[in-house]
Amino acid sequence: MTMNATPRNHRKLRFHILRYNPAKADDTPRVQVYELEEAPGMTLFIALTEIREKLDPSLQFDFVCRAGICGSCGMMINGRPSLACRSVTQSFPEDIWLAPLPVFELIGDLSVNTGKWMRGMSEKLETWVHLQQEKLDFTRIEKPMDPALAEEVYELDRCIECGCCVAGCGTARMREDFVGAVGLNKIARFRLDPRDARTDEDFYELVGDDNGVFGCMSLLGCHDVCPKQLPLQTQIAFLRRKMVAQGTKG
Amino acid sequence: MKIVHTDVLVIGGGLAGLRLAIGAKRRGHDAIILSLVPAKRSHSKAAQGGMQASLGNVAKGQGDNEDVHFEDTVRGSDWGADQEVVRMFVNTAPKAVRELAAWGVPWSRVRKGDRTVIINGQKVTITERDEAQGLVAQRDFGGTKKWRTCYAADGTGHAMINAVADQAIADSIPVHERMEALALIHDGNRCYGAVVRDLVSGELSAYVATATAVCTGGAGRVYRTTTNAVICEGIGHALALETGVSALGNMEAIQFHPTGIFPAGILVTEGCRGDGGLLKDVDGHRFMPDYEPEKKELASRDVVSRRMEEHIKKGKGHQSRFGTHLWLDITLLGEKHIHTNLREVWDICHYFLGVDPVKEMIPVRPAQHYTMGGVRTDASGQSATLKGLFSAGEASCWDMHGFNRLGGNSVAETVVAGMIVGESVADYCDAIANAPTVPMGLVREFVEREQAKLAAFTKAGGKEDASVIKGEMQDLMTAKVGIFRTGADLEEAVDKLQKLLVRSRSIGLRSPTLGANPELVTAYRVQRMLKVALTVAYGACVRTESRGAHFRQDYPQRNDAEWLKRTLATWKGDADTLPTLAYEALDVGRMELPPGWRGYGAKDYIDHPDTPARQSAVEAIRAQHAGDRFATQAALMPYEHLLPEYLRGRNERIDERFADGDRPAAATTGQ
Ligand SMILES: Cc1cc2nc3c(=O)[nH]c(=O)nc-3n(C[C@H](O)[C@H](O)[C@H](O)COP(=O)(O)OP(=O)(O)OC[C@H]3O[C@@H](n4cnc5c(N)ncnc54)[C@H](O)[C@@H]3O)c2cc1C
Ligand code: SF4
Ligand code: SF4
Ligand code: FES
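Summary of the structure given here.

Procedures and definitions
- Residues numbered from 1 in each chain as written.
- Chains lettered and ligands numbered in written order.
- Predicted model: local features only at pLDDT ≥ 70, side-chain atom pairs only at ≥ 80, totals over all residues.
- Heavy atoms only, no water.
- Helix = DSSP H or I, 4+ residues; strand = E, 2+ residues; numbered from the N terminus.
- Expected span 1.5 Å × (residues − 1).
- Buried < 20%, exposed > 50% of the residue type's maximum accessible area, 1.4 Å probe, protein only.
- Salt bridge = Lys/Arg side-chain N within 4 Å of Asp/Glu carboxyl O.
- Near = heavy atom within 4 Å.
- Nonpolar A, V, L, I, M, F, W, Y, C, P; charged D, E, K, R; others polar.
- Core = buried A, V, L, I, M, F, W, Y, C linked by side-chain atoms within 4.5 Å.
- Phe/Tyr/Trp six-rings, centres within 6.5 Å; stacked < 30°, edge-to-face > 60°.
- Lys NZ or Arg CZ within 6 Å of the ring centre and 35° of its normal.

What follows concerns helix α6 (residues 180-192) of chain A. All names here are of chain A. The terminal C-alpha atoms of α6, which comprises 13 residues, lie 19 Å apart, in line with the 18 Å expected from a rise of 1.5 Å per residue. For α6, a buried count of eleven out of 13 residues is recorded, marking the element as mostly surrounded by other parts of the structure. Every buried residue belonging to α6 is among Gly180, Ala181, Val182, Gly183, Leu184, Asn185, Lys186, Ile187, Ala188, Arg189 and Phe190, and all of these are buried.

This is how it looks when you write it as structure tokens:
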């Protein structure tokens with residue numbers, strides 16, 4: 001959406017963008033500065049698109065929904081992992097620093113491969129409902145579910161796999177195979193779901209180690225940065241208690 | 001040259017592509033999914049409001065069934081839909097919701113007892129039945145007689161794609177992310193896969209497959225103001241078009257959603273109005289009842305969008321610094337409802353408008369929303385003209401939406417079509433197992449052709465800027481091929497789009513490299529988008545009537561006598577600047593629901609000469625089988641033979657319990 005600039009004095013914004021294309025043999029990481037006039041209601045989606053259209057067609061970044069729901073546009077914005085599409089420039093000073101999310105494989109500039117990381121995590125943690133029966137008859141009325149429980153499951157299902165929690169996590173930076181708050185939250189979600197046949201014994205197999213819930217140092221870098229405000233703090237603490245109980249069971 | 005072999009190549013990792021791949025894989029065929037982005041980020045994620053299926057669990061859905069869903073959908077389509085396909089769809093939708101429930105979608109559930117809802121601006125108490133406790137709940141949506149839209153709070157598409165994508169992972173179906181199909185490989189009769197570009201490395205490869213399915217979603221980005229994601233550029237439509245053989249159906253049928261936030265175009269769900277939200281004008285007056293006394297805010301989308309623009313033309317819009325808009329008022333729903341059932345709406349208003357919808361009204365104006373047209377297929381989902389090419393979801397013209405699709409019918413279509421077409425693809429693979437092998441020379445030729453096209457962009461000489469051309473196209477489409485259309489505007493649009501297409505053939509790049517290069521991507525896509533835009537504009541220009549979302553001010557009547565037919569567009573030659581149009585008549589004599597008044601919108605239309613005879617034949621059949629809706633339906637328009645066997649059979653409801661023993665056969669699926 002182009003905003004027709006109204007004849008008012010708009011700020012000059014300076015975007016300091018960490019640029020690096022690992023596919024180019026001779027490239028080195030550097031910060032490039034772009035100047036842009038602010039427009040009313042300008043988001044980082046609008047700003048970066050304008051930079052690419054007018055100033056630098058080679059700049060790489062990812063946007064899909066531009067509405068804060070798909071999780072594509074996580075990046076470090078003034079040092080904090082956030083969704084770029086729903087960050088409005090008005091809430092920042094004139095100098096805005098942008099860098100790719102750490103931990104994830106860098107594709108180029110602000111674009112990182114969260115998709116590959118999330119798929120790996122999903123395969124490892126088997127983040128799908130493990131059905132209780134082989135055959136289901138979908139012509140029959142569905143199994144009832146407690147409405148409040150359905151809402152609770154939905155709450156945890158709201159994760160958009162943006163990777164902000166992983167980027168904000170000290171353990172994830174040190175330990176390559178750590179499943180992150182996103183992974184622990186998924187286990188909490190399937191654990192809560194009565195349709196999933198797995199027991200705590202099964203979940204313990206998946207997250208009962210240092211790459212799982214016992215690797216978490218409870219520093220809660222994740223909780224504060226989650227753009228969907230998932231209750232990561234309580235979920236991780238709860239899961240840890242359950243896994244400790246399961247572990248001591250033998 | 002890198003070649004990847006698979007049984008089934010699914011282009012698109014949205015709900016349709018994922019569900020189709022799962023179906024084919026479970027029948028024993030290898031499937032690979034290609035996607036521009038990680039599957040869960042496909043635009044299916046954005047669906048907020050819900051999925052239609054006639055479960056009839058809630059009190060306001062009592063009496064709902066396939067027949068009612070069928071009629072709503074056909075009326076919604078303004079009789080443009082293929083009625084057999086609509087029947088296949090409505091019979092499968094309840095099974096799809098129930099399958100998704102088993103796969104983990106946290107559908108919102110019914111609470112028994114009293115609850116207060118807002119209907120027509122008034123508080124009303126509804127009592128939910130004890131038997132419904134814990135079953136999947138339904139909400140009200142535009143254009144439906146019953147409350148039929150199943151939902152997971154206001155993140156329905158999100159929850160659906162989470163579950164379906166996770167099932168695809170469980171089934172070990174690879175998703176090749178950041179991969180873009182550039183061309184279909186074919187010999188004019190059969191499709192053999194696609195030429196694919198790796199968006200990270202720029203490398204081209206050939207994906208050779210027995211069956212290829214285009215599940216690439218919508219084409220909203222050919223417009224300036226759209227609710228669609230930035231990747232909804234209609235490249236899948238162009239893939240089919242550029243074969244020169246497979247056709248796009250009804251591309252002029254473009255839906256505009258009443259409530260895009262102004263000016264960004266981000267959608268706030270129809271659930272806002274379904275749950276009781278009102279549209280208001282500059283004076284704070286609720287204007288929809290003035291135009292549509294019956295359905296008011298909940299007439300079908302094409303009607304509401306038109307009424308809104310009509311009201312703005314009367315000077316009743318609110319002037320803001322970005323232009324004119326109307327208001328959506330959901331304050332009357334209350335804080336609790338908004339924070340639990342419409343939270344994504346709250347988020348959007350908060351982050352993108354700085355508005356608190358609990359207290360303030362939301363600035364809205366209609367925005368492009370849905371592409372009814374698409375790759376024309378038969379009822380099994382296969383192209384009639386290019387064997388081995390299938391399509392499902394928004395990219396297809398299967399054709400269950402005709403000239404206007406109902407809210408909630410689209411995510412339902414993605415999954416239902418995925419279930420059905422997945423079986424057709426598997427049948428095709430089974431049948432063709434012994435067919436002659438793929439002509440590798442042809443594969444090489446296609447890859448080299450795409451390579452040469454890309455190389456041409458990087459050579460010096462091109463003067464045109466790809467993003468400028470794209471911008472001009474989008475402005476043109478929004479200004480001239482929008483909600484209100486006229487012959488003069490459309491002719492101008494067609495003329496200018498043709499010029500843009502010619503200009504796009506001399507695009508030059510400022511950063512001329514073949515690797516990861518966003519400018520190169522814009523360049524090759526805009527050429528394809530222009531062809532898609534031209535099929536929309538030209539189709540609209542030639543269709544001299546109004547039907548569903550296609551509204552011609554100079555031809556305001558629906559004209560069944562001349563236009564009860566589907567537009568088929570093909571692109572014959574590379575040098576062409578216009579598609580070739582042909583038409584496929586809809587057979588009134590076979591319709592279960594002969595054309596009539598929709599129940600909302602304009603009442604005057606020109607009848608098809610066959611309509612009165614069919615109408616009396618239908619009435620006679622109805623009288624003959626009165627009291628038995630299944631027998632009536634079977635006599636009017638048999639369709640069950642078109643469904644895969646496991647999807648035949650009735651659907652159980654609270655009010656239509658299966659007696660022990662009379663459980664229909666089939667209808668079980670493995671996990
Ligand atoms: C904001 C919004 C809200 C909506 N709300 C509702 C609702 O409440 N109810 C409802 O029924 N419908 C709703 N819809 C419509 C519905 O969401 C879509 O029509 C539907 O989800 C489309 O699904 P799909 O699988 O066909 O395509 P998509 O989900 O769009 O997926 C397309 C896939 O194709 C891939 N792709 C595209 N081109 C290529 C290429 N060239 N090569 C490789 N891959 C490619 C993409 O990466 C993506 O994976 C909404 C739509 C919008 C825009
Ligand atoms: S838990 Fe939150 S921060 Fe982490 S991936 Fe999910 S949505 Fe993003
Ligand atoms: S609490 Fe700390 S260590 Fe644990 S997942 Fe969150 S950020 Fe990482
Ligand atoms: S682009 Fe989808 S969340 Fe930002």
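Here we come to the pattern of salt bridges. Counted under the stated rule, the structure contains 84 salt bridges over all chains. Ionic pairing is found between Arg191 of chain A and Asp200 of chain A, a salt bridge with its closest N-O pair at 2.6 Å. What makes Arg191 of chain A partly exposed here is its relative accessible area of 26%. Between Asp64 of chain B and Arg148 of chain B there is a salt bridge whose closest N-O contact spans 2.8 Å. Note that Asp64 of chain B is positioned in the loop between β3 (51-52) and α2 (66-76) and Arg148 of chain B in the loop between β6 (138-139) and β7 (149-150), a separation of 84 residues in sequence. For the pair formed by Asp64 of chain B and Arg148 of chain B, the shared burial category is buried. Within the structure, one salt-bridge network assembled from shared partners comprises Asp78, Glu252, Asp302, Arg306, Arg543, Glu545, Arg547, Arg558, Asp560 and Arg598 of chain B.

By nearness alone, every residue bordering ligand 3 is listed as Cys169, Thr171, Phe178, Ala181, Cys216, Met217, Ser218, Leu219, Leu220, Gly221 and Cys222 of chain A. Of the residues belonging to the shell around ligand 3, the class tally is eight nonpolar, three polar and no charged.

Let us look at the nonpolar core. Residue and element names in this part refer to chain B. In terms of nonpolar packing, the biggest core is built from 79 residues, with Met51, Leu100, Trp107, Trp398 and Val425 touching the most fellow members. In terms of residue count, the dominant contributor to this core is helix α11 (residues 409-432) (twelve residues). Among the nonpolar cores identified, the runner-up in size contains 77 residues, and Cys191, Val195, Leu520 and Ala537 belong to it.

Turning our attention to the packing of aromatic side chains. If you walk through the whole model with that rule in mind, you get nine aromatic pairs over all chains. Ring geometry for Phe61 of chain A versus Phe63 of chain A: centroids 5.5 Å apart, planes at 65°, classification edge-to-face. Given the relative accessible area of 10%, Phe63 of chain A is considered buried. Judged by centre distance (5.3 Å) and plane angle (75°), the rings of Trp563 of chain B and Tyr583 of chain B are edge-to-face. With a gap of 20 residues between them, Trp563 of chain B in helix α16 (residues 560-563) and Tyr583 of chain B in strand β23 (residues 580-585) connect regions that are remote in the sequence. Take Trp563 of chain B: its relative accessible area is 9%, and that puts it in the buried class. In this structure an aromatic cluster arises from ring pairing among Phe45, Phe61 and Phe63 of chain A. The residue whose ring lies beneath Arg139 of chain B is Tyr151 of chain B, and the NZ or CZ to ring-centre distance is 4.1 Å. A cation sits over an aromatic face here: Lys565 of chain B above Trp563 of chain B, 4.9 Å from the ring centre.

Read these as spatial facts, not as claims about activity.
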